[in-house]
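What follows is each chain in one-letter form.
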Amino acid sequence: MKKLMILALFVTGFALASNAQEKKEKATIEVPAWVKNFKFSGYGMLQYQGQDPEGNHSNTFKLRLARFILDGKIGDFDWRAQIQGTNATGPGQPTVQLVDLYTEWRKFPEFKVRAGQFKRAFTYENPTHPITQGWRGYADVINNLSGFGDRTGERSSGGRDIGLQISGDLFPNANGRRLFHYQVGVYNGEGVNETDKDNRKDIIGGVWVMPIQGLRIGAFGWTGSRGDMLLNKETGEKGSVAKNRYALSAEYSTGEYMFRTEYLHSQGWGAAKAASNVREVDYSKGDKADGWYVFGIVPVIKSKLHAKARYQCYRSTKEWSSAKTSYEVGVNYYFTKNLEMHLEYARINDRSLAKHDYNLVDVEMDFRF
């Protein structure tokens, strides 16, 4: 019996000593700060779309896009890398590409510096998340004049470019809410994953004021060029095409209510086809274009069901004969905060077609992880 007690005490003592040593070892393991601040996320957008323009009816399921995102923080610097897969790039060819790769110094809210590939500092809608934006796609004028699938022929780039940007928020009120925002960027002017073709940088900037909670009123300017364009097919002359643009914007967002309107104007020749990566100028389209949109999204059932309506118009030659106008209504239903369905009907008037009017139906299932 005595031997058994001695053995039990020995085993218990050994176990306690081992446990203490294990705890000591665990306590000495240090995880690097960058690992603690590392985050992986993403989202997918599945789409069905049907439309009936005369002589060109279609209805099809689409994989609108998928994105995989890495975010991190090192000291006063944030960084992001984002890869996109989609079945439509403007020319309509499948692609997987790097869309975001940047770092931003964020020590002071009044002065931040971002470098790499990221959203251009132009319009409110451009930087809006594709799911949060709430529609079958960004407004036509944003697609054509904000660098998504640009009027100059630049391939679809989601409004991004490679460059350097400074931004900040100034003049905090008594509650600490800042009343003024500015952002200015210098970019290659060629879109994603492209070097500068004419060594002339695009300069884009914007400012807005926030007089009351949820309200933003702003203006943006853009001057730059797209290089290596075919100016004369007969002589083979090449050169740069100007991009001189401005936008006027207003937005009110509070709770689950969202209202936004923007007007964009562009001066500079366009390519034969937008978003096609074609570098041939089409002079028949003139050297001016403009467009606008206005929309509202409001809750019907809080956190579950939203109703929406949008009116938009894009004029590729800044004349009514080239106008494409859409009247859109729909609903967004939220199964959970990470899974939602969008339904939309649009009546479209496209004056470039022999029969101007046609219908479009769009259904999307969007999820995040």
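Conventions used here
- Residues numbered from 1 in each chain as written.
- Predicted model: local features only at pLDDT ≥ 70, side-chain atom pairs only at ≥ 80, totals over all residues.
- Heavy atoms only, no water.
- Phe/Tyr/Trp six-rings, centres within 6.5 Å; stacked < 30°, edge-to-face > 60°.
- Helix = DSSP H or I, 4+ residues; strand = E, 2+ residues; numbered from the N terminus.
- Buried < 20%, exposed > 50% of the residue type's maximum accessible area, 1.4 Å probe, protein only.
- Lys NZ or Arg CZ within 6 Å of the ring centre and 35° of its normal.
- Salt bridge = Lys/Arg side-chain N within 4 Å of Asp/Glu carboxyl O.
- Core = buried A, V, L, I, M, F, W, Y, C linked by side-chain atoms within 4.5 Å.
- Contact = heavy atoms within 4.5 Å.
- 1 Å grid on protein atoms, 1.4 Å probe; cavity = no way out; pocket = protein on both sides within 12 Å on 5 of 7 lines; lining within 4 Å.
- Points joined across faces, edges and corners; volume = space filled by probe spheres on them.
- Nonpolar A, V, L, I, M, F, W, Y, C, P; charged D, E, K, R; others polar.
- Polar contact = N/O pair within 3.5 Å; in protein donor to acceptor, adjacent residues only side chain to side chain.

Scanning the entire structure with this criterion turns up 23 aromatic pairs. Taking 6.5 Å as the distance between ring centres and 70° as the angle between the ring planes, the aromatic pair formed by W105 and F111 counts as edge-to-face. Seen from their ring centres, Y246 and Y263 are 6.2 Å apart, and the 50° between their planes marks the pair as tilted. Taken as a pair, Y246 in strand β10 (residues 237-254) and Y263 in strand β11 (residues 257-267) lie far apart in primary sequence, 17 residues in all. With a relative accessible area of 37%, Y246 lands in the partly exposed category. On the basis of relative accessible area, Y263 is assigned to the partly exposed category, the value being 22%. Three or more aromatic residues joined by ring pairs form one cluster here, namely F122, Y124, W208, F220 and W222. Cation over ring: R114 sits above Y102, and NZ or CZ is 4.3 Å from the ring centre.

Counted by the stated rule, this structure contains 27 salt bridges. Of the charged contacts, one joins E344 and R136 as a salt bridge, the two residues approaching to 3.3 Å between their closest N and O atoms. Here E344 is found in strand β15 (residues 339-350), whereas its partner R136 is found in the loop between β5 (111-119) and α3 (140-145), with 208 residues between them in sequence. Note on R136: relative accessible area 16%, which makes it buried. Here R226 ties to E190 by a salt bridge, and the two come within 3.8 Å at their closest N and O atoms. Of this pair, R226 sits in strand β9 (residues 215-232) while E190 is found in the loop between β7 (178-187) and β8 (202-209), placing the two residues 36 residues apart along the sequence.

Our focus in this paragraph is the nonpolar core. F122, V141, I142 and L264 are the most contacted members of the largest nonpolar core, which totals 26 residues. Among the elements that take part in this core, strand β12 (residues 288-301) stands out by supplying four residues, more than any other. Not counting the four nearest positions on each side in its chain, L264 is found in contact with F122, T123, V141, I142, L145, Y246, A247, A289, D290 and G291. Of all hydrophobic cores here, the second largest spans five residues; its members include Y43, M45, L65 and I69.

Each pocket or cavity is described by its volume, and for the second largest pocket that value is around 760 Å³. As for the second largest pocket, its lining consists of 37 residues, of which Y102, R114, K119, P127 and T128 are closest to the centre. For the lining of the second largest pocket, the secondary-structure elements that each account for two or more residues are β1 (39-51), β2 (58-74), β3 (77-86), β4 (95-108), β5, β6 (160-172) and β7. Residues that form the lining of the second largest pocket fall into these classes: 12 nonpolar, 10 polar and 15 charged.

Turning our attention to unusual backbone geometry. One non-glycine residue with positive phi stands out, namely T123, at about 75°. Tracing the backbone shows T123 in the loop between β5 and α3. Phi at S303 is positive, roughly 65°, even though this residue is not glycine. On the basis of relative accessibility, which here comes to 48%, the residue S303 falls in the partly exposed class.

A few words on the environment of Y124. Its location among the elements puts Y124 in the loop between β5 and α3. Take Y124: its relative accessible area is 2%, and that puts it in the buried class. Along the primary structure Y124 and L248 are separated by 124 residues, whereas in three dimensions their C-alpha atoms are 9.5 Å apart. Each residue touching Y124, except ones within four places of it in the same chain, is listed here: W208, R216, I217, G218, F220, S249, A250, E251, R260 and E262. Polar contacts involving the side chain of Y124 include one to the main-chain amide nitrogen of I217, which spans 3.5 Å.

Purely geometric numbers; function is a separate question.
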